[in-house]
Amino acid sequence: MSKIAIISDIHGNLPALEAVLEDIESRGIAEIYCLGDLVGKGPSSDLAVDLIRRRCRQVVRGNWDEFLPQPTEFETLVWHQNLLGEERLEYLRSLPFSIEFMLSGRYVRLFHASPRSAFERVQPWDDYGRKLSLFEPSDLSADPVKADVAGYGDIHNAYMQHMDGRMLFNAGSVGNPLDMTQASYAILEGDLGERRRTRLDLTFARVPYDIALAVRQAAEAEMPELDAYVKEIRTGRYRGLKD
Ligand SMILES: [Mn+2]
């Protein structure tokens, strides 16, 4: 059986990423896939990119990875661009859209937000048909087949649902979880490349990390939108919600 750790939405939160990588290592898992949003929001986009490049076998692009390298006058984005530097921005531009493979007789497709766009947001409480559409291929897919297992990030809310004989899951967020304050990731376990339907497991891991350290690093970096970030990682509540 192969074990694949699936991490997503690091958003420059280094203490959270380090805690998750340590947790993955402690389980003896060597294979790590990343579903995007390495950068933005937190203070350490540069170090997050460097660590992800070293440790992840495959990485797809998230919405932040897609828009952050583009020319902008927004102060917040320019701050993150300057931190990253041109070489890392070029790396973000080069990221592929999806990861697709056979596992225990299922066609698995992993992407950031939807099979159609890194910007299409689908929440666990959204309409059934809207969630079913996440199994569909698009022009951006490697193979034009309907997925048996679809996995994504983007919403910072971990969940799994069996639908129509298929399995949909969200890995949650490493660095900016919005369902609880612990870092989130998923583990897929099955027979890689196997065409017969054999055992397939999905595990969700939640990892406590040093939130006080993450807050200190953000304050010391004098990063933009510090208060909103600190509130989010301390409470797990999205900054756009009304109190
Ligand atoms: Mn994100």
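No experiment lies behind these values; they were computed from the predicted model shown. (Residues numbered from 1 in each chain as written. Predicted model: local features only at pLDDT ≥ 70, side-chain atom pairs only at ≥ 80, totals over all residues. Heavy atoms only, no water.)

1. Remarks on the pattern of salt bridges
(1) Moving on: Evaluation of the coordinates by the stated rule reveals 22 salt bridges.
(2) Moving on: The partner of D23 in a salt bridge is R27, with the nearest N and O atoms 3.0 Å apart.
(3) Moving on: Classification of R27 by relative accessible area gives partly exposed; the value is 37%.
(4) Moving on: One network of salt bridges, in which partners are shared, links K41, E225, E232 and R239. (Salt bridge = Lys/Arg side-chain N within 4 Å of Asp/Glu carboxyl O. Buried < 20%, exposed > 50% of the residue type's maximum accessible area, 1.4 Å probe, protein only.)

2. Quick look at the coordination of the manganese ion
(1) Moving on: At the metal site, the manganese ion is ligated by D9 (OD), H11 (NE2), D37 (OD) and H156 (NE2), and these contacts range over 2.1 to 2.5 Å.
(2) Moving on: Going along the chain, you hit the donors of the manganese ion in the pattern D-x1-H-x25-D-x118-H.
(3) Moving on: Under the relative-accessibility criterion, H11 is labelled buried at 1%. (Donors = N, O, S within 2.8 Å, 3.2 Å for Na, K, Ca; no water.)

3. Let's talk about the layout of surface pockets
(1) Moving on: Size it by volume and the largest pocket reaches roughly 510 Å³.
(2) Moving on: Lining the largest pocket we find 25 residues, and of these K41, R121, H156, L178 and Y238 sit closest to its centre.
(3) Moving on: Considering each element in turn, the lining of the largest pocket owes the most residues, three residues, to helix α4 (residues 75-93).
(4) Moving on: Looking at the lining of the largest pocket, its residues break down into 10 nonpolar, eight polar and seven charged. (1 Å grid on protein atoms, 1.4 Å probe; cavity = no way out; pocket = protein on both sides within 12 Å on 5 of 7 lines; lining within 4 Å. Points joined across faces, edges and corners; volume = space filled by probe spheres on them. Helix = DSSP H or I, 4+ residues; strand = E, 2+ residues; numbered from the N terminus. Nonpolar A, V, L, I, M, F, W, Y, C, P; charged D, E, K, R; others polar.)

4. Thoughts on the pairing of strand β8 (residues 166-170)
One face of the sheet, then the other: side chains in a regular strand alternate in exactly this way.
(1) Moving on: Counting buried residues along β8, five of its five residues qualify, which places the element largely inside the surrounding structure.
(2) Moving on: Burial of the side chains of β8 extends over both faces: R166, L168 and N170 are buried on one face and M167 and F169 on the other.
(3) Moving on: Direction of pairing for strand β6 (residues 149-152) relative to β8: parallel, over a ladder of four bridges. Along β8, the bridge assignment pairs G151 with F169.
(4) Moving on: Linkage of strand β7 (residues 159-163) to β8, two consecutive antiparallel strands, is achieved through a turn of two residues, within which D164 is found at a positive phi near 60 degrees. (Pairing = 2+ DSSP bridges.)

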